[in-house]
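# Close look at the chain arrangement
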Amino acid sequence: MHEQGDRIPEENTDDRYERIAELLEAARSGRPDGMDELVEELTPLLWHVARAQGLDHTSCADVVQTTWLNLLRSLAGIHTPSALTAWLVTTTKREAWRARDAQRQELPSAEEGFADSTVDEGTPDQQVLAADQRKRLWQAVHRLPLRCQELIRVVAFTPRPDYGVVAARLGMPRGSIGPTRGRCLAKLRDLLTSETEGGWV
C-alpha cells in the first residue's frame, strides 16, 4: 500500500498516454474491465496527491474512493487522458481539502484562515450541490448487492491490494476478484447514470 513519499514508477510517456487512452475509451463504452484497469493504473497517483495534502492513511483512502466514485458520473464528458488526469488530480485535491477541513477541531490561526480563503471551493450553491451529489453517490453504493459493497470497500480503490488476503477475507477465488470488481463498478455506474435527480445525467 502506498504511503507518503512513495515514488510512482516512471514509464515511457507516449506508451502510458496510449494505454490510458485505450482504457478511457473502454470505460466510456461501458466495458467493466476498462474502468477496473483505469483504477489500477491511476490510483497510486491519486494516493500521492491526497497524501501531499497532509491527510492520514484512512482519510486518503476515503478521498481516493470518493474521487473514483465521482468519476463514474462524469466519465462521459472526459475525452482525453490529459483531461482525465487533470480532472482526477483536481477532484482529489478538493476532496482532500474538504476532508482536512472537516478534521479540524480548533479554530485556525489568522494565517491559516487566509491560506484557506484562497482555495476555490465554488459558490455556496455549488458546494450544496456537490454535497448532495456525494450523498446520492453513497446511497447508490448501498443499493449494490452486498458482495459488491464488501468488495468495493475492501479493494476497489486501494492501491495494489493483496488479493490473497482479500480472497480469504471475502471467501472468493483469487482469480475472480478483478473481474468481479469490474462488474460491480459497472453496476454502480448504471445506477448513477439512471438517476434523474441531482444532476447525475
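Residues numbered from 1 in each chain as written. Predicted model: local features only at pLDDT ≥ 70, side-chain atom pairs only at ≥ 80, totals over all residues. Heavy atoms only, no water.

## Observations concerning the overall build of the protein
A tally of regular secondary structure across the protein gives nine helices and zero strands. The N-to-C order of helical and strand elements in the protein reads α-α-α-α-α-α-α-α-α. Residues counted as buried form 42% of the 201 residues belonging to the protein. About 11000 Å² of surface is accessible on the protein, with carbon and sulfur atoms providing 51% of the total. (Helix = DSSP H or I, 4+ residues; strand = E, 2+ residues; numbered from the N terminus. Buried < 20%, exposed > 50% of the residue type's maximum accessible area, 1.4 Å probe, protein only. Areas by Shrake-Rupley, 256 points an atom, 1.4 Å probe, with all protein chains shown as cover.)

## Details of a negative patch on the surface
On the surface, a cluster of negative charge is contributed by Asp14, Asp15, Glu18 and Glu22. With respect to the helices, strands and loops of the structure, Glu22 is situated in helix H1 (residues 13-28). (Patch = residues over 30% accessible without salt bridge, like charges linked within 9 Å, V, L, I, M, F, W, Y side chains within 5 Å. Salt bridge = Lys/Arg side-chain N within 4 Å of Asp/Glu carboxyl O. Lys, Arg positive; Asp, Glu negative; His and termini not counted. Charge placed at Lys NZ, Arg CZ, Asp CG, Glu CD.)

## Details of the packing of helix H3 (residues 57-74) against helix H9 (residues 177-193)
With their axes 9 Å apart at the nearest point, H3 and H9 run at an angle of 55° to one another. Put simply, H3 runs oblique to H9. Here H3 runs over H9; the crossing is right-handed. Note on element contacts: H9 touches H3 through Leu185, Leu188, Arg189 and Leu192, opposite Leu69, Leu72 and Arg73. For the contact of H3 with H9, the per-class residue count stands at five nonpolar, no polar and two charged. (Axes fitted to C-alpha atoms, helices over the stretch in contact; angles between N-to-C directions. Parallel < 35°, antiparallel > 145°, perpendicular 65-115°, else oblique. Left-handed = near helix turned anticlockwise from the far one by under 90°. Contact = heavy atoms within 4.5 Å. Nonpolar A, V, L, I, M, F, W, Y, C, P; charged D, E, K, R; others polar.)

## Looking at empty space enclosed by the protein
Under the criterion given, the structure shown has two cavities of 30 Å³ or more. Lining the largest cavity are Ala27, Gly30, Arg31, Pro32, Met35, Leu72, Leu75, Leu185, Ala186 and Arg189. Counting residues per element, the ones that place at least two in the lining of the largest cavity are helix H2 (32-52) and H9. At three residues, the largest contribution of residues to the lining of the largest cavity is made by H9. Grouping the constituent residues of the lining of the largest cavity by class yields seven nonpolar, one polar and two charged. (1 Å grid on protein atoms, 1.4 Å probe; cavity = no way out; pocket = protein on both sides within 12 Å on 5 of 7 lines; lining within 4 Å. Points joined across faces, edges and corners; volume = space filled by probe spheres on them.)

## Remarks on the nonpolar core
Core analysis: the largest hydrophobic core is formed by 36 residues, its most contacted members being Met35, Leu38, Trp68, Leu71, Leu84 and Leu188. For this core, the secondary-structure elements that each account for two or more residues are H1, H2, H3, helix H4 (81-103), helix H6 (124-142), helix H7 (146-156) and H9. With seven residues, the next largest nonpolar core counts Tyr163, Val166, Ala167 and Ile177 among its residues. (Core = buried A, V, L, I, M, F, W, Y, C linked by side-chain atoms within 4.5 Å.)

## What to know about the confidence of the model for the protein
Taken as a whole, the protein shows an average pLDDT of 75; of its residues, 71% reach a score of 70 or greater. Confidence drops under pLDDT 50 across residues 105-119; counting only partners more than four residues distant or on other chains, this segment forms five contacts. (pLDDT = per-residue confidence, 0-100.)

## A word on the packing of H2 against H3
For the pair H2 and H3, interaxial distance at closest approach is 10 Å and the crossing angle is 135°. In this view, H2 runs oblique relative to H3, as classed from their interaxial angle. For the element pair H2 and H3, the recorded crossing hand is right-handed. Where H2 approaches H3, its residues Met35, Leu38, Val39, Leu42, Thr43, Leu46, Trp47, Ala50 and Arg51 are matched on the opposing element by His57, Cys60, Ala61, Val63, Val64, Thr67, Trp68, Leu71 and Leu72. Taken together, the residues of the contact of H2 with H3 sort by class into 14 nonpolar, three polar and one charged.

## As for the state of the cysteines
Covalent bonding between the sulfur atoms of two cysteines is what defines a disulfide. Under the counting rule described, the total for this entry stands at one disulfide. A sulfur-sulfur distance of 2.1 Å marks the disulfide that ties Cys148 to Cys184. On the S-S bond that ties Cys148 to Cys184, the torsion sits near -80°, and the link is left-handed. Taken together, the positions of Cys148 in helix H7 and Cys184 in helix H9 put the pair 36 residues apart, joining distant regions of the chain. (Disulfide = S-S within 2.5 Å.)

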